[in-house]
Amino acid sequence: MSAKRMNLREKYQRMTRDLAWKPSYQSEDDIFPQAKYEGIIIHDWDKWEDPFRLTVDAYWKYQAEKERKLYAIIEAFAQNNAQLNVTDARYINSLKLFLTGVTPLEYAAHRGFAMSGRNFPGAGPQVSSQFQSIDELRHAQTQIHTISQYNKYFNGFHDWRHMHDRVWYLSVPKSFFDDAMSAGPFEFVTAISFSFEYVLTNLLFMPFMSGAAYNDDMATVTFGFSAQSDESRHMTLGLEVIKFMLEQDERNVPIVQKWIDKWFWRGYRLLALVSMMMDYMLPKRVMSWQEAWEMYFEENGGALFEDLARYGIRMPKYWEVSVKEKNRLSHEVWSIFYNYGHAAAIHTWLPDENEMAWLSEKYPETFDKYYRPRFDHWRKHHQEHGRWYNNTLPMLCQTCQIPMAFTEPDDPTQICYRSSEYKGMQYHFCSDGCKDIFDDEPEKFVQAWLPVHQIYQGNCGGASVPEVLEWYHLKHGQDNLEYLDSQDRANWLRWKGLTEQAEAVLQKAANE
Ligand code: FE
Ligand code: ZN
């Protein structure tokens, strides 16, 4: 006897919505204790639409196929020693930043979506959250597999999980996700699915993946594309969740707007790390940060918010500041890393003459005026007195946790300082955006684990740089310091047959 074949819509209905039920002996409020406290009002969970109508059996089939292809390519990459084909060993430092900064966020996203799936009362968002949770776990795994290949040949990758919880610049991405995960389920999906995945994701994906392709890193391109095919589903979830909340009740609008403001600014500050990668760390550049911001935020984001205007949603607060900063962001952030290159698990360097010419061309109003003289000064200092490292710890922003080196929106020569008082204590911020976020939820942000404060309080292994580095598990002289004098560079030169140059690098490093 043959059963009647169900069409996709019926099958989706049976295998998702039909699995939900009305509880009879427990109250909904007890089962879903986080569903209401954020103030979001939902009248009808069945209005949730999933355009993909994905079922569990279809999901496993698609994903298994992707995994088979991905691991075949990774295997071939390893067998052919394809790490030797990248443009230059400097490029590997952007991967170090990716593995230590972003891969743990994939895992955090896996946990976060598992929690939001558990906490939403509706079957539609439960199912979408569950798929995304599994996707994110897969992303973390494929990235770790891919990059473990690089760990065999380059320094700085060896203890990324440990470093993520301790190292100063990694507390920037870590605190971003901790903030989202410790919010309620609606804020979490607004933060991650909408603000990050829908509005800002291109600014993470494009530089890393096109950057990898431009620099002949096929291993990274492969995991990138494998993850990107899940991304279209995630972006759909991001847009759906926003429209769903806005359509359910107009009292949701101001709450959603506040979250969009907060998470735009947090996401933008997080992307400051990407801006420096695009303009300074890729030996072959894809485009400048400024160009990427214009294309992906000002144009695409602008169109999106025009579309959302009919719900009463406007552009995120302080978006104008991001536009004012677009021609200085990467230079300011790379300067921070150059200053503290002795305490980072990536190498830093000054752009060479050709690269400075590129920067002048891409940033005609700012580069020659503000940053070239600074780099010339540092280069001269390096030649005459050795490499400059800053041994004074910086003040950190209480919200984004980045050292306070950003400048006033209307004056690129003045550091921007903001502060708030709360219960008799003073808190410091890099911007009006970060100050507003704190002022709205001070009880949350006074708890921030700020790496510099923790060092001063004696919680990071000791009071000297070597003690802190040991506590970070950072191998001094291997993982950190100037690229020109690094073991990574010496090894690279040797693999390319330039033995004498390699010896000179090691000799110079030994003398310093
Ligand atoms: Fe992901
Ligand atoms: Zn900040």
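Check the entry above for the structure.
A. Summary view of the overall build of the protein chain. When you go through the protein chain residue by residue, the secondary structure sums to 23 helices and four strands. For the protein chain, the spread of C-alpha atoms along the three principal axes comes to 80 × 65 × 45 Å. Burial status across the protein chain gives 57% buried among its 512 residues. Long-range contacts, defined as pairs at least 24 residues apart, comprise 77% of the intrachain contacts of the protein chain with a sequence gap of at least 6. Surface exposure of the protein chain reaches about 22,600 Å², of which carbon and sulfur atoms provide 53%. Side-chain charges in the protein chain split into 54 positive and 70 negative, and the spacing between the mean points of these groups amounts to 4 Å.

B. Here's a closer look at the side chain of Thr366. Mapping Thr366 onto the fold places it in the loop between helix 16 (353-362) and helix 17 (367-385). For Thr366, a relative accessible area of 5% gives the class buried.

C. Summary view of the pattern of salt bridges. For the structure shown, the criterion picks out 40 salt bridges. With its nearest N and O atoms 2.9 Å apart, the salt bridge here joins Asp29 to Lys36. The partner of Arg310 in a salt bridge is Asp307, and the shortest N-O contact between them spans 3.9 Å. Of the residues examined, Arg310 reaches a relative accessible area of 58% and is grouped as exposed. The class of Asp307 is partly exposed, set by a relative accessible area of 36%. One network of salt bridges, with partners in common, ties together Lys66, Glu67, Asp135, Arg138, Asp230 and Arg233.

Cut-offs and rules
Residues numbered from 1 in each chain as written. Chains lettered and ligands numbered in written order. Predicted model: local features only at pLDDT ≥ 70, side-chain atom pairs only at ≥ 80, totals over all residues. Heavy atoms only, no water. Helix = DSSP H or I, 4+ residues; strand = E, 2+ residues; numbered from the N terminus. Buried < 20%, exposed > 50% of the residue type's maximum accessible area, 1.4 Å probe, protein only. Contact = heavy atoms within 4.5 Å. Areas by Shrake-Rupley, 256 points an atom, 1.4 Å probe, with all protein chains shown as cover. Lys, Arg positive; Asp, Glu negative; His and termini not counted. Charge placed at Lys NZ, Arg CZ, Asp CG, Glu CD. Salt bridge = Lys/Arg side-chain N within 4 Å of Asp/Glu carboxyl O.

Such coordinate-based values are descriptive only and should not be taken to indicate function.
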